[in-house]
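# Notes for the structure review
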Amino acid sequence: MKKLYSPKTIKDIQKLYGFKFTKSLGQNFLIDKNFVDKIIDLSEVEGENILEIGPGIGTISQEMAKTCKKLVVIEIDKTLIPILKDNLGEFSNIDIINADILKIDLEKVVKENFNGESFKVVSNLPYYITTPIIEKLVENDLACKDMTIMVQKEVADRIKADESMKDYSSLSIFIKFYSNLISGFKVPKSVFMPQPKIDSQVLKLDLRIYDKDVDRDILFKLVRAGFNKRRKTILNSLSSVIEKEKLREIFEKLGLKENLRAENLSLDDFIKISNELDN
Ligand code: SAM
């Protein structure tokens, strides 16, 4: 079996298949076996159905296939498909799909490949579409247990931030609503080929905790409105969605100060405001 995490193998593959890195697709391949193993350990893939987004040349896929139940990889770059077929050909538990993760019908993929069973997501995510991919995976109410994802450090900081912290954003609230952040570790930029400008971080999001009683449409309309104008007070930023007088009443009832900004409100605060509107 080829050591896919080796720079020499990647160079050989480039020559053999005429493969060229496409920067706009976020192609930075892992070249350190330790980090491949750490991702797989954190995800706990053994005996599980796994969906991998952006397998590249199959570096993480090859290691996961040894112990997971079924592995489905979705790769947008058609020039990588023959490479994946050759590198992963010896495994009978892998399906390779050439598609854009943002366009593919995930419900259908999961139904056809995992027979309606639960699954996990593992991905060294393409940085240019990190947020839309996370949104698509968590919003669709698929039977996804958890996601182990590698993201740029800045995105990890936004995901992890609590209210009143510098990086607190609508993404922080979105993630808190849908998941429980279990743990993670830092990944230096030196373990990728080509080397990106920024370090990364691996995070694991447990998606099994979603049981909150709230209208999600209202909640996220409020969150988006609040953070779109994050320098304004929440009373002003939400006035595009709710009449100010109604909002004043709700704030008084909930004991929230009118001069707060979106960045000072917790997920629970936003849920309480949403539920008042839903009454
Ligand atoms: N998993 C490999 C590794 O860790 O070495 C490659 C990770 S690389 C950061 C991201 C991969 O995602 C690339 O192979 C890229 O072609 C693929 N990709 C980019 N956009 C995609 C999309 N919209 N749908 C599916 N795959 C995509």
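Residues numbered from 1 in each chain as written. Predicted model: local features only at pLDDT ≥ 70, side-chain atom pairs only at ≥ 80, totals over all residues.

An unreviewed UniProt entry annotates the protein chain as Ribosomal RNA small subunit methyltransferase A of Anaerococcus porci. UniProt's Subcellular location (unreviewed entry) comment on the protein chain is quoted here verbatim: "Cytoplasm". Check the Catalytic activity (unreviewed entry) section of the UniProt entry for the protein chain; it says "adenosine(1518)/adenosine(1519) in 16S rRNA + 4 S-adenosyl-L-methionine = N(6)-dimethyladenosine(1518)/N(6)-dimethyladenosine(1519) in 16S rRNA + 4 S-adenosyl-L-homocysteine + 4 H(+)". (UniProt positions renumbered as here; feature names shortened; annotations may be inferred.)

### Let's talk about the sheet that holds strand S4 (residues 94-98)
With mixed pairing, the seven strands of this open sheet are ordered in space as S4-S3-S2-S5-S6-S9-S7. Because the sheet does not close on itself, it has two edges, and the strands there are S4 and strand S7 (180-187). For this sheet, the mean inter-axis angle between neighbouring strands, taken without regard to orientation, is 15°. Where strand S2 (residues 49-53) lies against strand S5 (residues 119-124), three bridges are found, and the strand directions are parallel. Its bridge partner being in S5, Glu52 is matched across the sheet by Val122. (Pairing = 2+ DSSP bridges. Helix = DSSP H or I, 4+ residues; strand = E, 2+ residues; numbered from the N terminus. Axes fitted to C-alpha atoms, helices over the stretch in contact; angles between N-to-C directions.)

### Points about the site of the ligand
In the vicinity of the ligand there are 22 residues, among which Phe29, Gly54, Gly56, Asn124 and Pro126 approach most closely. Contributing elements (two or more residues each) for the shell around the ligand: strand S1 (29-30), helix H3 (59-65) and strand S3 (70-75). Considering only residue class, the shell around the ligand consists of 12 nonpolar, seven polar and three charged. (Near = placed C-beta within 6 Å. Nonpolar A, V, L, I, M, F, W, Y, C, P; charged D, E, K, R; others polar.)

### Digging into the nonpolar core
The tendency in soluble globular proteins is for nonpolar side chains to be buried as a group. The biggest cluster of nonpolar side chains holds 68 residues, and the ones touching the most others in it are Leu30, Ile50, Met64, Leu71 and Phe270. Here this core gets five residues from one element, more than from any other, and that element is strand S6 (residues 144-152). Viewed by domain, this core spans two of them, domain 1 (7-207) and domain 2 (216-278), each represented by three or more residues. Sequence-distant contacts of Ile50, that is, excluding residues within four places in its chain, are made with Val45, Met64, Cys68, Leu71, Phe119, Lys120 and Val122. (Core = buried A, V, L, I, M, F, W, Y, C linked by C-beta atoms within 7 Å. Buried ≥ 20, exposed ≤ 12 C-beta atoms within 10 Å, placed from the backbone. Domains from an automatic or database assignment. Contact = placed C-beta atoms within 7 Å.)

### With respect to the UniProt feature "binding site: S-adenosyl-L-methionine" (unreviewed entry) in the protein chain
Following the UniProt record, one finds the feature "binding site: S-adenosyl-L-methionine" (unreviewed entry) at Asn28, Leu30, Gly54, Glu75, Asp100 and Asn124. Considering the arrangement of structural elements, one finds Glu75 in strand S3. Taking the number of C-beta atoms within 10 Å as the measure of exposure, Glu75 has 25 and is therefore buried. Excluding residues that lie within four positions of it along the chain, Glu75 makes contacts with Gly54, Pro55, Leu80, Ile81, Leu84 and Asn98. Following the sequence through the fold, Asp100 ends up in the loop between S4 and helix H5 (106-114). In this structure Asp100 comes out as exposed when scored by C-beta crowding, with 10 C-beta atoms within 10 Å.

### Side note on the domain arrangement of the protein chain
For the protein chain, the assigned domains are domain 1 (7-207) and domain 2 (216-278). Once you take the C-alpha centre of each, domain 1 and domain 2 turn out to be 34 Å apart. The interface is formed by eight residues belonging to domain 1 together with nine residues belonging to domain 2. Its residues placed into classes, the side of domain 1 that touches domain 2 shows three nonpolar, three polar and two charged.

### Let's talk about the confidence of the model for the protein chain
Predicted confidence across the protein chain gives a mean pLDDT of 94, with 98% of residues reaching 70 or more. For this predicted complex, the interface score ipTM comes out at 0.99, while the overall pTM is 0.93. (pLDDT = per-residue confidence, 0-100.)

### Comments concerning the packing of helix H9 (residues 216-228) against helix H12 (residues 267-278)
The geometry of H9 relative to H12 is characterised by a closest axis approach of 9 Å and an angle of 125° between their N-to-C directions. Relative to H12, H9 is oriented oblique. Considering the relative orientation of H9 and H12, their crossing is right-handed. Facing Ile218, Leu219, Leu222 and Val223 of H9, the residues of H12 in contact are Phe270, Ile271, Ile273, Ser274, Leu277 and Asp278. Taken together, the residues of the contact of H9 with H12 sort by class into eight nonpolar, one polar and one charged. (Parallel < 35°, antiparallel > 145°, perpendicular 65-115°, else oblique. Left-handed = near helix turned anticlockwise from the far one by under 90°.)

### Observations regarding the pairing of S5
Within S5, six of the six residues are buried, which leaves the element mostly enclosed by the surrounding structure. Alternating residues of S5 divide into Phe119, Val121 and Ser123 and Lys120, Val122 and Asn124, and every residue in both groups is buried. Bridge count for S5 against S6 is six bridges, and the pairing is parallel. By the bridge assignment, Lys120 is partnered in S6 with Asp146. The parallel pair S5 and S6, bridged by helix H6 (residues 130-139), forms a crossover whose chirality is right-handed. (Right-handed = clockwise from strand over helix to strand, strands pointing away.)

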